[in-house]
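Commentary on secondary and tertiary structure
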Amino acid sequence: MATPKSNASMSNLEANNKNKSEDMESQSSFAPTPEAESENESSSDSQHKKGIDGSTSKESELKEIEKATTSTGATTPSAPAFDFVKAAEDLLADAKKLKATIDSKPTPPSSSPESAKPNDANQHAPLPPSPEEIVLRQRIAKLGKKIAFETAPPMEVLKSDWVTIADVSAWNIFLHWRAFDHIPLTGSISIADLARALDADESLVSRIACMLISTGKLTGSRLDGKEQGPPTHISHSRISRLLRTNTSPATAALAIVSFGNGMKGFAKWPEYFSTYDRHEPHPTGREILIHDSGTGIVVTTKRRGAQDSNKIFVPTPFSLGWGHPALAPWEVKARYPEYARHFEMAMAAKDKGAQGALGGDLGVGGYRGVNVEDPGRKFSLTWLAELSQKKQQQQQHILGYTNPSLKPLLVDVGGGLGHFLANLLANIPEVKPEQCILQDRPEVIAQVAKNIEGGDKRLKGVKTMAHDFFQAQPEEAKGAAVYVLRRVLLDYCDEQAVWILKRLRCALHGSEGRIVIMEGVLLDKPTPENRLVDMVMMNLGGKLRNEEGYRKLCMKAGLKVRGYWMDVEGASCVVECVEGDGTDGSEE
Ligand SMILES: C[S@@+](CC[C@H](N)C(=O)[O-])C[C@H]1O[C@@H](n2cnc3c(N)ncnc32)[C@H](O)[C@@H]1O
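An account of the accompanying structure is given in this report. (Residues numbered from 1 in each chain as written. Predicted model: local features only at pLDDT ≥ 70, side-chain atom pairs only at ≥ 80, totals over all residues. Heavy atoms only, no water.)

Taken together, 16 residues form the shell around the ligand, and within it G414, D440, D468, F469 and R486 come nearest. Here a nitrogen atom of the ligand and a backbone polar atom of H467 are 3.4 Å apart. A distance of 3.0 Å is found between an oxygen atom of the ligand and a side-chain nitrogen or oxygen belonging to R487. Relative to its unbound accessible surface of 590 Å², the ligand loses 96% to contact with the protein. For the shell around the ligand, a count of residues per class yields six nonpolar, four polar and six charged. (Near = heavy atom within 4 Å. Polar contact = N/O pair within 3.5 Å; in protein donor to acceptor, adjacent residues only side chain to side chain. Areas by Shrake-Rupley, 256 points an atom, 1.4 Å probe, with all protein chains shown as cover. Nonpolar A, V, L, I, M, F, W, Y, C, P; charged D, E, K, R; others polar.)

Rendered as structure tokens:
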């Protein structure tokens, strides 16, 4: 191996890192590409060849590393240099403000020793942070990350991603084993006791725990009085306590689902894209047209020779990751009830944290998003109150009695456990539960029925209906004033999304009904959180879309967009559409 001739300006550590990375490359299982091989052959001694500036390729590589290491962030000619001194000063100012905020907080009332339980999550819990404190903490964390990213030697940045993989794998397996549940909220547990509780090797538990201790997710200590040696005991950090399924079930469920929706699929990307080529997830095979029997509208295409004529099959990294490449993600989820349970809990938790359309607040409060054409035009569904009363009066007049379930006012399509609907009914009491239909897959609807039987009054009276949104709406669900599709289209590729919309277009055919789409939105300026959602959706075979993307779907489905509202901060949108007049380019 050629030794770099000049490493005077390179620290021993960097030189070490570089040598290590070269070793790893030489041990890597990646086969060289034919191009690389021929390059190697044609210049077997190329490492010593001189470049135009007279340096060897190894020297050039070193120079590149040095340049990047000392760079202040001006990686492209057009990008302004990152002013890390100014950023650090801003961070210090925010840190001081945060400290003052924390110091000015009243101390939480301490529970009496008799009433305190060892596993009481609220015991010793600090008072919840104010919105200002949360904003400050978010700003500090973001700036801190930015400074670290811009100032760390490049190899450190890459290595930290690598650490993240091991860290996430460690917390995921501890979560899977419910290891966090066994660690008391106060005090510690010995690694030996934890291993016994988990029925696992102590040495194994120690290795995994030490990974988490190294990143601060757990706190390690030695309680045998000796100064040397690895930790013998572990206790919770402010992060790991949130991963207890017994005291923080919603947050733990979010973590379980993030891993299930994310890591399993992400790990399969190389296999997925080499099997299905380098395309976004899309239907495979040749396709023929399917017409809706009632209206004659072409609903979609189907794969020639496919077993189920009403399914359009899209292979997904998610299903591949779960070991069921021939199933749709929701079919996979149905096979894992425990995962499905966590999924529903995670959805509910997201609802609580989410704003506007995705938080369900479309009732009295209205949606905080802004109409792109007429900023003064708010979106709300409060008009349903008047319509509900009008319908009941008409029935009274014609029938002599009211039967709210005669024609649906609102159908929540793929409505999950009904969080949105429950919120709407609570906000607009004039709308009767009997006027609303909640549709979803059979196992989800069975769960809703169980919840109602179990005393959940929020949806009592709502008509629940197992219905596949790829199929035509049943008679009793046709002609509704509103079909709501919330957080549904992002799970699907364009072909499937258009199909779902066309089924709804058929259901409102000839009426004044509307479809209200509420979705996450793809932001023009990439942010990690927004792009994460898009990547996770790719695992599921879907995608986040921007305004143009949603308008295109509606147009292809033969729908006319009557309003588009967007909330940039919450990265959500509401699209309201009605049946088009057939002149706007639908796929028929
Ligand atoms: C991301 S969740 C959104 C649930 C709900 N709309 C909300 O915003 O909370 C997507 C929902 O679509 C349902 N779903 C998936 N495939 C479906 C299908 N073919 N027909 C009906 N519902 C389906 C899932 O069971 C799940 O409840």
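So, about the sheet that holds strand β1 (residues 189-190). Spatially, β1-β3-β2 is the arrangement adopted by the three strands of the open sheet, whose pairing is antiparallel. Of all the strands in the sheet, the pair left with one neighbour each is β1 and β2 (218-221). Examined bridge by bridge, β2 and strand β3 (residues 233-236) share four bridges and lie antiparallel to one another. Across the sheet, the residue bridging to T219 is S235, located in β3. (Pairing = 2+ DSSP bridges. Helix = DSSP H or I, 4+ residues; strand = E, 2+ residues; numbered from the N terminus.)

On any regular strand, side chains alternate: one points to one face of the sheet, the next to the other face. Buried residues dominate strand β8 (residues 436-440), accounting for five of its five residues. Residues C436, L438 and D440 of β8 are buried on one face, and the alternating residues I437 and Q439, pointing to the opposite face, are buried as well. Bridging between strand β7 (residues 410-413) and β8 involves three bridges; their strand directions are parallel. Bridge pairing links V411 to I437 in β8. What joins β7 to β8 is helix α18 (residues 419-427), and the crossover it makes is right-handed. Taken together, the four bridges between β8 and strand β9 (residues 463-466) define a ladder with parallel strand orientation. Looking at β9, one finds that I437 is bridged to K463. (Buried < 20%, exposed > 50% of the residue type's maximum accessible area, 1.4 Å probe, protein only. Right-handed = clockwise from strand over helix to strand, strands pointing away.)

The final tally for this structure, using the stated rule, is 15 aromatic pairs. When the centroid spacing of 5.4 Å and the interplanar angle of 85° are considered together, the rings of F470 and Y492 count as edge-to-face. Highlighted residues: F470 in the loop between β9 and β10 (482-486) and Y492 in the loop between β10 and α20 (494-507), separated in sequence by 22 residues. A connected cluster of aromatic rings, assembled from ring pairs, spans F266, W269, Y272, F273 and Y276. If you follow K146 out to its NZ or CZ, it ends over the ring of F82, 5.3 Å from the centre. Across the ring face of W322, the terminal group of K264 is positioned such that the distance to the ring centre comes to 4.2 Å. (Phe/Tyr/Trp six-rings, centres within 6.5 Å; stacked < 30°, edge-to-face > 60°. Lys NZ or Arg CZ within 6 Å of the ring centre and 35° of its normal.)

Counting 38 residues, the largest nonpolar core has W171, F174, L175, F180, L194 and L218 as the members making the most contacts within it. At the level of secondary structure, the elements contributing two or more residues to this core comprise α6 (154-176), α7 (179-182), α8 (191-198), α9 (202-214), α10 (249-261), α15 (337-353) and α21 (528-539). Ignoring anything within four residues of it in the chain, the contact list for F180 reads W171, F174, L175, L212, L218, H236, S240, L243 and R244. (Core = buried A, V, L, I, M, F, W, Y, C linked by side-chain atoms within 4.5 Å. Contact = heavy atoms within 4.5 Å.)

On to unusual backbone geometry. A positive phi angle is found at R178, which is not glycine, with a value near 60°. Among the structural elements, R178 can be located in the loop between α6 and α7. You will see that R487, though not glycine, has its phi angle at about 55°, which is positive.

Note on helix geometry: an α-helix contains 3.6 residues per turn, so any two residues three or four positions apart are oriented the same way. Given a rise of 1.5 Å per residue, 12 residues ought to cover 16 Å, and the 16 Å separating the end C-alpha atoms of helix α19 (residues 442-453) matches this to within 8%. When α19 is considered as a whole, its buried residues turn out to be V444, I445 and V448. The arc enclosing the buried residues of α19, seen along the axis, measures out at 95°, which places them on a common side. Turned more than 90 degrees off the buried face of α19, the exposed positions are P442, K450 and E453. Phi for G455, located one or two positions after α19, is positive at around 110°. (Expected span 1.5 Å × (residues − 1). Arc of directions from axis to C-beta.)

Right, let's talk about α9 for a bit. When the terminal C-alpha atoms of α9 are compared, their 18 Å separation across 13 residues agrees well with the 18 Å that a helix rising 1.5 Å per residue should span. Within the span of α9, buried status applies to V205, S206, I208, A209 and L212. Where α9 is buried, its residues touch α6, α7, α8, β2 and β3. Following α9 by one or two positions, G216 adopts a phi angle in the positive range, close to 85°.

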